[in-house]
Amino acid sequence: MPKLLKFCAYVVLLCVASPWSYSEKTSTPVFTPADFYDGEKTIHSKIKFPAWDGDVSVSVRCDARVSRYGKILENICFSTGDKYAPFDTAVHKAAKNALITPATVDGVKKSVWFQYFVNFSKKGKEKRIAIYPNYGLEMEKYGVHYTSPQRYSKGVRFLFNRCRQLYTKVWIKATIDEFGKAQDVEVITSEGGKRCTKNLAYKFSLAKYIPAYVDGKAVPSLYMEAFFNYAVADRR
């Protein structure tokens, strides 16, 4: 009889404990997205307006790989044409000496891909530089200061490197929900084999993301990430 009682008690314990354990393991992580550093090394204080004749308005979009300590390890930027290269260069120079406030997941600092864009405008003698912590894809919905989703899992870069001979430029497009899950992943490219494209989309669908944030609240958002490959050097 004692053995039977012990067995019944064990079964009851499993029934009570298992749902709690499962729920805890599958709960949504607590995210804090990377954001602009608030201090002497903020990128805002580092960017200088390049020499330019005449009026201009140009936006430079960037994917920055930020370390767990806030250092920008890679900074891949592009504008709307080669003639605006001085603006790309200005952002690159600033990024070398700037810091970003690191992202965290459940209180642990993470290396992430942080997206931002810089708008340079000049009219007459008046110059203006505006910097935003996003790609600008959801500004109509969320305003100018929301943070874009941030990928923090590894492995996608390695997969792209294996496929690099097939591409010159690749865009990955997806929707990242408020829980950091990727949906509707699409590989946008003009070249490349079907197998590589399929594998790249699959890898992105499994990647880990910090969702977009608006006023401290996680929200679903469109996400795009650029991969470049040139004959001289693989920029990513």
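Residues numbered from 1 in each chain as written. Predicted model: local features only at pLDDT ≥ 70, side-chain atom pairs only at ≥ 80, totals over all residues. Heavy atoms only, no water.

Peer 1: Break down the state of the cysteines for me, with residues and values.
Peer 2: Counting across every chain of the model gives 1 disulfide. Shown here is the disulfide that connects C62 with C77, its sulfur atoms set 2.1 Å apart. In this structure the cystine formed by C62 and C77 twists about its S-S bond by roughly 110°; its chirality is therefore right-handed. Here C62, found in strand β3 (residues 56–66), pairs with C77, found in strand β4 (residues 72–78); they are 15 residues apart in sequence, far enough to count as distant. Accessibility assignment for this pair places C62 and C77 in one class, buried. (Disulfide = S-S within 2.5 Å. Helix = DSSP H or I, 4+ residues; strand = E, 2+ residues; numbered from the N terminus. Buried < 20%, exposed > 50% of the residue type's maximum accessible area, 1.4 Å probe, protein only.)

Peer 1: Before we move on, can you summarise the sheet that holds strand β9 (residues 126–132) with the specific residues and values?
Peer 2: Sheet strands associate in pairs through backbone hydrogen bonding, adopting either a parallel or an antiparallel arrangement. Spatially, 4 strands are ordered β4-β3-β8-β9 in an open sheet, and the strand pairing comes out antiparallel. Two strands bound the open sheet, and with one partner strand each, they are β4 and β9. With strand direction ignored, the average angle separating the axes of adjacent strands in the sheet is 20°. Contacting β3, β4 and β8 (112–123), helix α3 (residues 85–96) crosses the sheet at an angle of about 170° to β4. (Pairing = 2+ DSSP bridges. Axes fitted to C-alpha atoms, helices over the stretch in contact; angles between N-to-C directions. Contact = heavy atoms within 4.5 Å.)

Peer 1: How would you summarise the confidence of the model for the protein if you had to cite specific residues and measurements?
Peer 2: When pLDDT is averaged across the protein, the result is 82; 77% of the residues are at 70 or more. Least confident of the elements in the protein is helix α1 (residues 2–25), whose mean pLDDT is 43; most confident is strand β14 (residues 212–214), at 98. Below a pLDDT of 50 lies the segment residues 4–25, which in the model reaches 1 contact outside its immediate sequence neighbourhood of four places, other chains included. Every residue in residues 230–236 scores below 50 in pLDDT, and together they form 22 contacts with partners more than four places removed in sequence or on other chains. (pLDDT = per-residue confidence, 0-100.)

Peer 1: How would you explain helix α6 (residues 194–206) if you had to name every residue and give the values?
Peer 2: Helical geometry: 3.6 residues make up each α-helical turn, so side chains three or four residues apart lie on a common side. When the terminal C-alpha atoms of α6 are compared, their 19 Å separation across 13 residues agrees well with the 18 Å that a helix rising 1.5 Å per residue should span. Residues of α6 that are buried: C196, T197, L200, A201 and F204. Seen along its axis, α6 keeps its buried residues to an arc of 135°; they face one direction. More than 90 degrees from the buried face of α6, the exposed residues found are K194, R195, K198, Y202 and L206. (Expected span 1.5 Å × (residues − 1). Arc of directions from axis to C-beta.)

Peer 1: Lay out the sheet that holds strand β7 (residues 108–110) with the relevant residues and their values.
Peer 2: Taken in spatial order, the 3 strands line up as β1-β6-β7 in an open sheet, and their pairing is antiparallel. Pairing within the sheet leaves two strands with one partner each, and these edge strands are β1 (31–32) and β7. Judged from the 2 bridges that link them, β1 and strand β6 (residues 103–105) form a sheet pairing that is antiparallel. Within the sheet, the bridge partner assigned to T32 lies in β6 and is T104.

Peer 1: Hey, could you go over the pattern of salt bridges for me, with residue numbers and the actual values?
Peer 2: Summed over all chains, the structure comprises 3 salt bridges. Measuring nitrogen to oxygen at the nearest pair gives 2.8 Å for the salt bridge that ties E74 to R65. By relative accessible area, which is 15% here, E74 ends up buried. A salt bridge links K141 to E138; its shortest N-O distance comes to 3.9 Å. (Salt bridge = Lys/Arg side-chain N within 4 Å of Asp/Glu carboxyl O.)

Peer 1: How would you summarise the pairing of β4 if you had to cite specific residues and measurements?
Peer 2: Most of β4 is tucked away: 6 of the 7 residues are buried. Hairpin remark: β3 followed by β4, antiparallel, with 5 residues in the connecting loop; positive phi at G70, about 90°.

Peer 1: Mind laying out the environment of N97, listing which residues take part and the relevant values?
Peer 2: Mapped onto the fold, N97 is located in the loop between α3 and β5 (100–101). For the pair N97 and K46, spaced 51 residues apart in sequence, the C-alpha separation works out to 7.5 Å. Those residues within four positions of N97 in sequence are excluded, and the remaining contacts are K41 and K46.

Peer 1: Talk me through the environment of G124; I want residue IDs and the actual numbers.
Peer 2: Looking at where G124 falls in the secondary structure, it is placed in the loop between β8 and β9. Along the chain, G124 and V56 lie 68 residues apart, while their C-alpha atoms are 9.4 Å from each other.

Peer 1: Lay out α3 with the relevant residues and their values.
Peer 2: Here α3 contains 12 residues, and its C-alpha end-to-end distance of 17 Å stays within 8% of the 16 Å for a straight helix at 1.5 Å per residue. Among the residues making up α3, those that are buried are F87, D88, A90, V91, A94 and A95. One side of α3 holds all its buried residues, which, seen down the axis, span an arc of 160°. More than 90 degrees from the buried face of α3, the exposed residues found are K93 and K96. Against the buried residues of α3 lie α2 (43–46), β3, β4 and β8.

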